[in-house]
Amino acid sequence: MSKILLLEDDMLFAETLVDLLEESGFEVVHVPNGQSAMDITFSQKFDLYLLDINVPLINGTTLLKELRDSNDNTPAIFLTSHKDKEMLEKSFLCGGDDFLIKPFNTKELLLRIKALLKRATSNNIECIGLLCNDYIHKRILYKNEELELSKKEYELLALLMKHINNTVPKELILNELWSHNEKASDGALRVYVNRIKQMIPEVTIENIRGIGYKLVS
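Now for a look at the structure at hand.

Cut-offs used in this document
- Residues numbered from 1 in each chain as written.
- Predicted model: local features only at pLDDT ≥ 70, side-chain atom pairs only at ≥ 80, totals over all residues.
- Heavy atoms only, no water.
- Helix = DSSP H or I, 4+ residues; strand = E, 2+ residues; numbered from the N terminus.
- Buried < 20%, exposed > 50% of the residue type's maximum accessible area, 1.4 Å probe, protein only.
- Contact = heavy atoms within 4.5 Å.
- Lys, Arg positive; Asp, Glu negative; His and termini not counted.
- Charge placed at Lys NZ, Arg CZ, Asp CG, Glu CD.
- Core = buried A, V, L, I, M, F, W, Y, C linked by side-chain atoms within 4.5 Å.
- Polar contact = N/O pair within 3.5 Å; in protein donor to acceptor, adjacent residues only side chain to side chain.
- Arc of directions from axis to C-beta.

## Some words on the overall build of the chain
Within the chain one finds 8 helices and 12 strands. For the chain, the C-alpha atoms occupy an extent of roughly 65 × 35 × 25 Å along the three principal directions. Every one of the 217 residues in the chain was classed for burial, and the buried ones make up 45%. By sequence separation, contacts in the chain at least 24 residues apart represent 57% of the contacts at least 6 residues apart. In the chain, 26 positive and 33 negative side-chain charges are present, and the distance between their average locations comes to 7 Å.

This is the structure we're talking about:
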């Protein structure tokens, strides 16, 4: 079931949309202002954002720009009463994928949602054996279940998946996972590798002594 975040401050309109979307098989979380939307994206993952533009605290375009700047690539559709060209251009420049001008046909909304979700899924999930990397949400699934990975664990496993059946040098891993301001160590890397191995017992990660690590398909 796809999960949608709805940002809309018109409560009656929001209730109508929530009913429509839930009846169509989506899970919906509704928030009335941009700050609440920002906060909830830190604790929950969504498959799609439906964003009104003129909302309290943080407007929809500013919200999406901040999310995009933090590498959140979740597909987003703006729902707006704005008809001027400048605002429509701004909605795309800040990272929007589509927009609908209010009032709109609900059937058209559903068609656009389904089309965008289909495109996002086909373009942003790569599967290798039992593992699937969801690039949009920065998560990896093992046997269709999401792994509870830290940021570095995700980056490490994604890197090994990218170089499947090839040894990834330790130096490359350390450079990719740690910034210049952080202190990288072989010990910390071994901890991450061992923790990942415990999560994916039917997948082999080989330690190529003195060189690096290899994910074997």
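## Things to note about the nonpolar core
Core analysis: the biggest nonpolar cluster contains 27 residues, and Leu131, Leu156 and Ile200 have the highest contact counts within it. Breaking this core down by element, the ones donating at least two residues are β8 (139–142), α6 (151–162), α7 (170–177), α8 (186–199) and β12 (212–216). Here this core gets 7 residues from one element, more than from any other, and that element is α6. Apart from residues no more than four positions distant in its own chain, Leu156 is found in contact with Ile173, Leu177, Leu189, Tyr192, Val193 and Ile196.

## Things to note about the side chain of Asn33
With respect to the helices and strands, the residue Asn33 is situated in the loop between β2 (27–31) and α2 (34–43). Judged by relative accessible area, which is 13%, Asn33 ranks as buried. Here Gln35 takes part through its backbone nitrogen, which lies 3.1 Å from a polar atom of the side chain of Asn33. Not counting residues up to four positions away in its chain, the partners in contact with Asn33 are Leu7, Pro56 and Leu57.

## Here's the deal with unusual backbone geometry
Going from Lys102 to Pro103, the amide bond is cis rather than trans, its omega being -10 degrees. Mapping Pro103 onto the fold places it in the loop between β5 (98–101) and α5 (106–124). For Lys143, which is not glycine, the phi dihedral falls at a positive 55 degrees. Considering the arrangement of structural elements, one finds Lys143 in the loop between β8 and β9 (145–146). Classification of Lys143 as partly exposed rests on a relative accessible area of 41%. Its identity is not glycine, yet Asn144 carries a phi of approximately 70 degrees, on the positive side. Here Asn144 is to be found in the loop between β8 and β9. Residue class for Asn144 comes out exposed when judged on its relative accessible area of 66%.

## Concerning helix α3 (residues 60–69)
For α3, the complete set of buried residues consists of Gly60, Thr61, Leu63, Leu64, Leu67 and Arg68. Down the axis of α3, the sector holding all buried residues measures 160 degrees, keeping them to one side.

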